[in-house]
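Spelled out, the chains give:
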Amino acid sequence: ALDHILCRFNMKTSFWLFFVLLTVVTTVIATEAEETSGDDNKTDETSQGSTFNAEDHKDWGSYYDPKNEFCGKFDCYKILGFDYESFGKEHATKKEITQRYRTLSRVWHPDKNKKRADAKERFVKIARAYEVLTDEEKRKEYDFLRYNQEAYMKKYGSDVMWTYAPKSDTLMVVIGLLVAGSVISWFIQKQQWQNVADKIVKAAVEDLGMGKGGSSESKKLRDKALTILEEQEKNNSENGDSNGDAGVSKKEKKKQKKLTASEKRKQMEDSLRPIVTDLVQEMDDFGAGYHKPTWKDLMVVKLVLFPVVFAKGVAWNTMYGIRRLRKLPLSDEEREVLTRRALGEIAWTAATEEDQKEMIKRDLWVGQNMLDWEEEQEVKLLSAADRKRYNRMKKKGKGKED
């Protein structure tokens, strides 16, 4: 009986000793596992035996991928801590890539690393690299295009610098161009009118002759300006007499009497210039298209009216051709149009109504008639002495021909 009791006691003791020993061993293993797990959050061992630190890993390499078909400008292998060049024939396996992805995810997942502002951006790149390298077809293409940029461009397109800019609103672009064109056309017309106005002012003030840039219009303006100047001087003299010549000193009167002819002429021009300028500013149209700009000169209006003007021109030329085929005599309208085309719009508009009628009668669209008329216009610009000399030479030439 005693032996039986001792045997049962030894069995219970052995059981409890075994249970305590098992508990101690389990506790030690669990503690070591927790320590190892904590270290795995930051490091793991690669197949080559080198240590990888997920937190300090910053070298993501580079890759030609302007269209972001894979990992953009970074190397998918480098993002996960692998070096494509160092593997040789044995590249990272899918299992190694998965393990590395999990290691990096523990560190850079936004929910586990809220302190780092760039955690989300880095994790997106890590996830994309994992997606590319675990897809067999995608990974084969990625490895093939690594050293074949020409194949990449053929399939996905060229570099970023060739990408198209964002699309603009076509309607707004067209409206902007029309507005800009209309403003420019308005200023061009204004400048053309101003150039003619400046020439007329110069010719009228300096009393230029026909051969030096003057015209009948500038002569008329000068005469009108002289009349206005005389009236102003008369009013000033009357005011001066009533005020006892208070505004003019004796020295100034003596200076005015001692002026030379050129000085008097310069004084006269200075007095006439503002008067002539005001008179010219009142002239809206010099003819031949040199007029102050109006709404009709805007590019938008010209574009709208162009089909109408073009259609009228085509219709007139068609009727003219039909009349010529029928050998009908020229109408008054046709004679006027042909004369205007031969002379040009500027010369036609500058001529008086009587001169225009004379031009139509002379059939200036005929070559020889035009040459004779141009010669006559050149003679009119000569001085009186040069005209006499020209007429004598012309009579002598006719006598020899006879």
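Residues numbered from 1 in each chain as written. Predicted model: local features only at pLDDT ≥ 70, side-chain atom pairs only at ≥ 80, totals over all residues. Heavy atoms only, no water.

A. Spatial organisation of the overall build of the chain. Of the regular secondary structure elements, the chain holds 16 helices and two strands. A buried classification covers 24% of the 402 residues belonging to the chain. Total accessible area on the chain is roughly 29,400 Å²; 57% of this is exposed by carbon and sulfur atoms. (Helix = DSSP H or I, 4+ residues; strand = E, 2+ residues; numbered from the N terminus. Buried < 20%, exposed > 50% of the residue type's maximum accessible area, 1.4 Å probe, protein only. Areas by Shrake-Rupley, 256 points an atom, 1.4 Å probe, with all protein chains shown as cover.)

B. Structural detail: the side chain of E269. The topology assignment puts E269 in helix α10 (residues 261-281). Judged by its relative accessible area of 13%, E269 falls in the buried class. Other than its neighbours up to four places away in sequence, E269 contacts V205 and E206. (Contact = heavy atoms within 4.5 Å.)

C. Region of interest: the state of the cysteines. Evaluation of the coordinates by the stated rule reveals one disulfide. Here C71 engages in a disulfide with C76; their sulfurs sit 2.0 Å apart. Residues C71 and C76 are joined through a disulfide that is right-handed, its torsion about the S-S bond being 110°. (Disulfide = S-S within 2.5 Å.)

D. Fine view of the nonpolar core. Counting residues in each nonpolar core, the largest one holds 28 residues, and the members touching the most others are F70, C76, L80, L104, I126, L133 and Y142. For this core, the elements supplying multiple residues, two or more each, are α2 (76-79), α3 (94-108), α4 (119-134), α5 (136-145) and α6 (149-156). Among the elements that line this core, the one with the most residues is α4, at six residues. Once you skip the residues sitting within four places of it in the chain, Y142 turns out to touch Y63, F70, F74, D75, C76, Y77, V132 and L133. Ranked by size, the runner-up nonpolar core spans 17 residues in total, among them W193, V205, L229 and L279. (Core = buried A, V, L, I, M, F, W, Y, C linked by side-chain atoms within 4.5 Å.)

E. Just the packing of aromatic side chains, in detail. Applying the stated rule across the entire model yields 14 aromatic pairs. Measuring from ring centre to ring centre gives 4.3 Å for Y63 and Y142, while their planes differ by 15°; the resulting arrangement is stacked. Linking Y63 in the loop between β2 (51-53) and α2 with Y142 in helix α5, this pair joins segments that are 79 residues apart in sequence. This pair shows no difference in class: Y63 is buried, exactly as Y142 is. When the ring of Y77 is compared with that of Y84, the centres are 5.1 Å apart and the planes differ by 50°; the resulting orientation is tilted. Residue classification places Y77 among the buried residues on the basis of a relative accessible area of 0%. Judged by relative accessible area, Y84 falls into the buried class, the value being 14%. (Phe/Tyr/Trp six-rings, centres within 6.5 Å; stacked < 30°, edge-to-face > 60°.)

F. Region of interest: unusual backbone geometry. One non-glycine residue, N68, lies in positive phi territory at about 55°. Position of N68 among the secondary structure elements: in the loop between β2 and α2. When its relative accessible area of 52% is taken as the criterion, N68 is described as exposed.

G. Structural view of the pattern of salt bridges. Scanning all chains against the criterion turns up 18 salt bridges. A salt bridge links K78 to D59; its shortest N-O distance comes to 3.5 Å. Taken together, the positions of K78 in helix α2 and D59 in the loop between β2 and α2 put the pair 19 residues apart, joining distant regions of the chain. With a relative accessible area of 47%, D59 lands in the partly exposed category. (Salt bridge = Lys/Arg side-chain N within 4 Å of Asp/Glu carboxyl O.)

H. A look at a nonpolar patch on the surface. Together, L171, M172, I175, V179, V183, W186 and F187 make up an exposed nonpolar region whose accessible area comes to about 680 Å². Its place among the elements puts M172 in helix α7 (residues 170-206). M172 sits in the exposed class, given a relative accessible area of 53%. (Patch = residues over 30% accessible without salt bridge, like charges linked within 9 Å, V, L, I, M, F, W, Y side chains within 5 Å.)

I. Highlighting a negative patch on the surface. Together, E353, E354, D355 and E358 make up a region of like negative charge exposed at the surface. Inspection of the secondary structure assignment puts E354 in helix α14 (residues 353-361). (Lys, Arg positive; Asp, Glu negative; His and termini not counted. Charge placed at Lys NZ, Arg CZ, Asp CG, Glu CD.)

J. Representation of α4 in the model. Spanning 16 residues, α4 covers 22 Å between terminal C-alpha atoms, matching the ideal 22 Å at 1.5 Å per step. Looking only at α4, the buried set comprises A119, R122, F123, I126, A129, V132, L133 and T134. Elements that come into contact with the buried residues of α4 comprise α2, α3 and α5. (Expected span 1.5 Å × (residues − 1).)

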